[in-house]
Amino acid sequence: MEEFERLTDEHHSRDCRRRCGRICVRCLDRIDGALRALLDLYRESDQALAPGGPVLRERVSGSRATVGIVLDEQALALRTRTVEVMALWACLVVDERTGTRPADRRLGALVRFLRRQLPWLAGHPAGPDFDEELAELLGDLRALLGPGPVRRFALGPCTRPECAGTLYGVLPADGGDRVPSHVACDDGHALPPRQWLLVADRMREAA
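## Notes on the overall build of the protein
Then, in step 1: Along the backbone of the protein there are eight helices and five strands.
Then, in step 2: When the helices and strands of the protein are placed in sequence order, the string is α-α-α-β-β-α-α-α-α-β-β-β-α.
Then, in step 3: Here the protein, with 207 residues, has 43% of them falling under the buried criterion.
Then, in step 4: Within the protein, residue pairs in contact and separated by at least 24 positions form 51% of the contacts whose partners lie at least 6 positions apart.
Then, in step 5: Summing over all exposed atoms, the protein offers an accessible surface of approximately 11400 Å²; the carbon and sulfur share of this is 51%.

Pasting the structure below:
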């Protein structure tokens, strides 16, 4: 315990795993936040798949700053890798913990499942690997979309009749923009901009 207390606030999960035998609560909180951020950025990347869709963020490439949509192929490849990596970690949990599994293979379900499994992953030898792979995906998504923190706001029930999820809009955290960069429910159903009029009143109230 004495060794653990000497760890800095910026320590990695591999540090506390090595010293304490498990990932500490501070690191678990950080990983939980990273999972939520991963899902937010994944939903925001929906817009990068539609040529001519809404502008996402300012993006810097080399020494020139540009504003616009990143390449569809790059966004698609990263989205696919994000789902595949999270699905592999969910499979690890399912294989080693009988009777627990995600609702489906969409990223929203995988993230919710893995967030519930964090206390178990904290004591698993591969826990630090999960943390590092998650950080790598998060970094790649942020590099794809450009800098800028975001905030989510609830818009009520999803517009799909068969879905019980909650619809969320995403805005820049600085409050300078009152138009969401994307709208999607927590089950992964994205609402395309042409359908935003369906929830326009909710968005005005939330903004």
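Text resumes after the structure shown.
## Some points on the packing of helix α3 (residues 25-44) against helix α7 (residues 127-145)
Then, in step 1: For the pair α3 and α7, interaxial distance at closest approach is 10 Å and the crossing angle is 35°. At the point where α3 passes α7, the crossing takes the left-handed sense. Contact residues: Arg30, Ile31, Ala34, Leu35, Ala37, Leu38, Leu41, Tyr42 and Glu44 in α3; Phe130, Asp131, Leu134, Leu137, Leu138, Leu141, Arg142 and Leu145 in α7.
Then, in step 2: Of the residues contributing to the contact of α3 with α7, the split by class is 13 nonpolar, no polar and four charged.

## Here we look at empty space enclosed by the protein
Then, in step 1: Within the structure shown, the criterion is met by one cavity of 30 Å³ or more.
Then, in step 2: As for the largest cavity, its lining consists of Asp40, Arg43, Arg152, Tyr168, Val170, His182 and Ala184.
Then, in step 3: Residues that form the lining of the largest cavity fall into these classes: three nonpolar, one polar and three charged.

## Thoughts on the packing of aromatic side chains
Then, in step 1: By the definition in use, this model includes one aromatic pair.
Then, in step 2: Considering the side-chain rings of Trp89 and Phe130, the 5.3 Å spacing of their centres and the 70° angle between planes classify their relative orientation as edge-to-face. Of this pair, Trp89 sits in helix α4 (residues 72-96) while Phe130 sits in helix α7, and the two are 41 residues apart along the sequence.
Then, in step 3: Judged by its relative accessible area of 9%, Trp89 falls in the buried class.

## Some words on the pattern of salt bridges
Then, in step 1: This structure, assessed with the given rule, holds eight salt bridges.
Then, in step 2: Arg18 is the salt-bridge partner of Asp15, the closest N and O atoms lying 3.5 Å from each other. With Asp15 and Arg18 both in helix α2 (residues 13-20), this residue pair falls three residues apart, about one helical turn.
Then, in step 3: Note on Arg18: relative accessible area 56%, which makes it exposed.
Then, in step 4: For the salt bridge of Arg115 with Asp32, the shortest nitrogen-to-oxygen distance reads 2.6 Å. Highlighted residues: Arg115 in helix α5 (residues 107-116) and Asp32 in helix α3, separated in sequence by 83 residues.
Then, in step 5: Judged by its relative accessible area of 33%, Arg115 falls in the partly exposed class.
Then, in step 6: Residues joined in a network through salt bridges with shared partners are Arg14, Asp129 and Glu132.

## Some details on the packing of α3 against α5
Then, in step 1: Between α3 and α5, the shortest axis-to-axis distance is 10 Å and the interhelical angle comes to 175°. Considering the angle they form, α3 stands roughly antiparallel to α5. In this structure, α3 contributes Asp32, Leu35, Arg36, Leu39 and Tyr42 to the contact, and α5 contributes Leu107, Gly108, Val111, Leu114 and Arg115.

## Thoughts on the nonpolar core
Then, in step 1: One finds Leu35, Met86, Leu114 and Phe130 to be the most contacted residues of the largest nonpolar core, which totals 39 residues.
Then, in step 2: Where this core is concerned, the elements lending two or more residues are α3, α4, α5, α6 (118-122) and α7.
Then, in step 3: Look past the residues within four positions of Leu35 in its chain and what remains in contact with it is Met86, Val111, Leu114, Arg115, Leu118, Phe130 and Leu134.
Then, in step 4: Membership of the second largest hydrophobic core comes to twelve residues, among which are Cys158, Cys163, Leu167 and Leu171.

Rules and cut-offs
Residues numbered from 1 in each chain as written. Predicted model: local features only at pLDDT ≥ 70, side-chain atom pairs only at ≥ 80, totals over all residues. Heavy atoms only, no water. Helix = DSSP H or I, 4+ residues; strand = E, 2+ residues; numbered from the N terminus. Buried < 20%, exposed > 50% of the residue type's maximum accessible area, 1.4 Å probe, protein only. Contact = heavy atoms within 4.5 Å. Areas by Shrake-Rupley, 256 points an atom, 1.4 Å probe, with all protein chains shown as cover. Axes fitted to C-alpha atoms, helices over the stretch in contact; angles between N-to-C directions. Left-handed = near helix turned anticlockwise from the far one by under 90°. Nonpolar A, V, L, I, M, F, W, Y, C, P; charged D, E, K, R; others polar. 1 Å grid on protein atoms, 1.4 Å probe; cavity = no way out; pocket = protein on both sides within 12 Å on 5 of 7 lines; lining within 4 Å. Points joined across faces, edges and corners; volume = space filled by probe spheres on them. Phe/Tyr/Trp six-rings, centres within 6.5 Å; stacked < 30°, edge-to-face > 60°. Salt bridge = Lys/Arg side-chain N within 4 Å of Asp/Glu carboxyl O. Parallel < 35°, antiparallel > 145°, perpendicular 65-115°, else oblique. Core = buried A, V, L, I, M, F, W, Y, C linked by side-chain atoms within 4.5 Å.

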